[in-house]
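Chain and residue survey
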Amino acid sequence: MKSDRECDKCRKNQAVNVCIGCHAAICETCSQYELFGSGCGCVFPAYYCPTCAEDPNRNPFAIQNRPEKSPE
Ligand SMILES: [Zn+2]
Ligand SMILES: [Zn+2]
């Protein structure tokens, strides 16, 4: 699919994805790919903009994906 919309984040590249956190149009470079897994074994891909990828309020996996978790 072709779109003329530019990336909402860097405004340099053509947007190819939509952030599911804030619905910003994002280019391939700005897209942060996440795999959502639910308990039933279903996994589906999602794209976040760089802002939402770092925001635990929008991306519940933002913390989970960080390696530097405090050890128990
Ligand atoms: Zn971009
Ligand atoms: Zn976003």
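From a predicted model like this one, the values you see are computed outputs, not experimental measurements.

Here is what the cut-offs are and how they apply
- Residues numbered from 1 in each chain as written.
- Chains lettered and ligands numbered in written order.
- Predicted model: local features only at pLDDT ≥ 70, side-chain atom pairs only at ≥ 80, totals over all residues.
- Helix = DSSP H or I, 4+ residues; strand = E, 2+ residues; numbered from the N terminus.
- Buried ≥ 20, exposed ≤ 12 C-beta atoms within 10 Å, placed from the backbone.
- Core = buried A, V, L, I, M, F, W, Y, C linked by C-beta atoms within 7 Å.
- Contact = placed C-beta atoms within 7 Å.
- Pairing = 2+ DSSP bridges.
- pLDDT = per-residue confidence, 0-100.

For the chain, the helix and strand inventory stands at 2 helices and 4 strands. The secondary structure elements of the chain, listed N-terminal to C-terminal, are β-β-β-β-α-α. Every one of the 72 residues in the chain was classed for burial, and the buried ones make up 22%.

Within the largest apolar cluster, 10 residues are counted, these being C7, A15, C19, I26, C27, C30, Y48, C49, C52 and A53. Of all the elements in the fold, those that place two or more residues in this core are β2 (25–27) and α1 (50–53). When residues no more than four places from it in sequence are discounted, the contact partners of I26 are C7, D8, K9, A15, N17, V18, C19, S31, Y47 and C49.

The next thing to look at is the environment of A15. By the element assignment, A15 lies in strand β1 (residues 15–18). On the basis of neighbour counts, which here come to 22 C-beta atoms within 10 Å, the residue A15 falls in the buried class.

Let's shift gears to the pairing of strand β3 (residues 32–37). Direction of pairing for β3 relative to strand β4 (residues 43–48): antiparallel, over a ladder of 6 bridges. Paired with Q32 across the strands is Y48, a residue of β4. In this antiparallel pair of consecutive strands, β3 and β4, the connection spans 5 residues, and G41 shows a positive phi of 95 degrees.

Moving on to the confidence of the model for the chain. Across the chain, the average pLDDT comes to 83, with 79% of residues at or above 70. Within the chain, β2 carries the highest mean pLDDT (96), whereas helix α2 (residues 61–64) carries the lowest (62).

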